[in-house]
Amino acid sequence: MTYTKLEEKLRALPEECLEEVSQYVEFVLFKYEKEKKNENSKNTYTFFGSIKSLPDGMDLQRRVRDEWN
């Protein structure tokens, strides 16, 4: 849909409906910004990755510091 066609439809609406259309436009913009924000955070997550399981930190320190092994 183009802006021209949308504008024609808006001009055909009675004035009583304009407030409701305005509120819906605000809702669509809010939803768009929210999805955009979530998309950006997903990109960060996939960029840095995630660690599924970590080894025991104390066990690692014992193995590294054990001078007799």
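Computed from a prediction, not measured in an experiment: that's the story for all the values here.

Helix and strand content of the chain: 3 helices and 0 strands. Along the chain, helices (α) and strands (β) appear in the sequence α-α-α when read from the amino end. Relative to its full complement of 69 residues, the chain shows a buried share of 0%. Counting only carbon and sulfur atoms, one obtains 57% of the accessible surface of the chain, whose full area is about 7500 Å².

On to a nonpolar patch on the surface. Taken together, the side chains of M1, L6, L10, L13 and L18 define a hydrophobic patch exposed on the protein surface, amounting to about 440 Å² of accessible area. Within the element layout of this structure, M1 appears in the segment before α1 (3-12). According to the relative accessible area criterion, M1 is exposed, its value standing at 71%.

As enumerated under the stated definition, the model contains 2 salt bridges in all. A salt bridge links E7 to R11; the shortest N-O distance between them is 2.8 Å. Residue E7 and its partner R11 are both found in helix α1; the two are separated by 4 residues, about one turn of the helix. Among the residues examined, E7 registers a relative accessible area of 41% and is labelled partly exposed. The class for R11 is exposed, based on a relative accessible area of 66%. The shortest N-O distance in the salt bridge between R63 and D59 comes to 3.5 Å. Residue R63 and its partner D59 are both found in helix α3 (residues 57-65); the two are separated by 4 residues, about one turn of the helix.

The tally for this structure, following the rule as stated, stands at 1 aromatic pair. Taking 6.2 Å as the distance between ring centres and 40° as the angle between the ring planes, the aromatic pair formed by Y24 and F27 counts as tilted. Here F27 and Y24 lie together in helix α2 (residues 18-48), a separation of 3 residues that amounts to about one turn. Residue classification places F27 among the partly exposed residues on the basis of a relative accessible area of 44%.

Procedures and definitions
Residues numbered from 1 in each chain as written. Predicted model: local features only at pLDDT ≥ 70, side-chain atom pairs only at ≥ 80, totals over all residues. Heavy atoms only, no water. Helix = DSSP H or I, 4+ residues; strand = E, 2+ residues; numbered from the N terminus. Buried < 20%, exposed > 50% of the residue type's maximum accessible area, 1.4 Å probe, protein only. Areas by Shrake-Rupley, 256 points an atom, 1.4 Å probe, with all protein chains shown as cover. Patch = residues over 30% accessible without salt bridge, like charges linked within 9 Å, V, L, I, M, F, W, Y side chains within 5 Å. Salt bridge = Lys/Arg side-chain N within 4 Å of Asp/Glu carboxyl O. Phe/Tyr/Trp six-rings, centres within 6.5 Å; stacked < 30°, edge-to-face > 60°.

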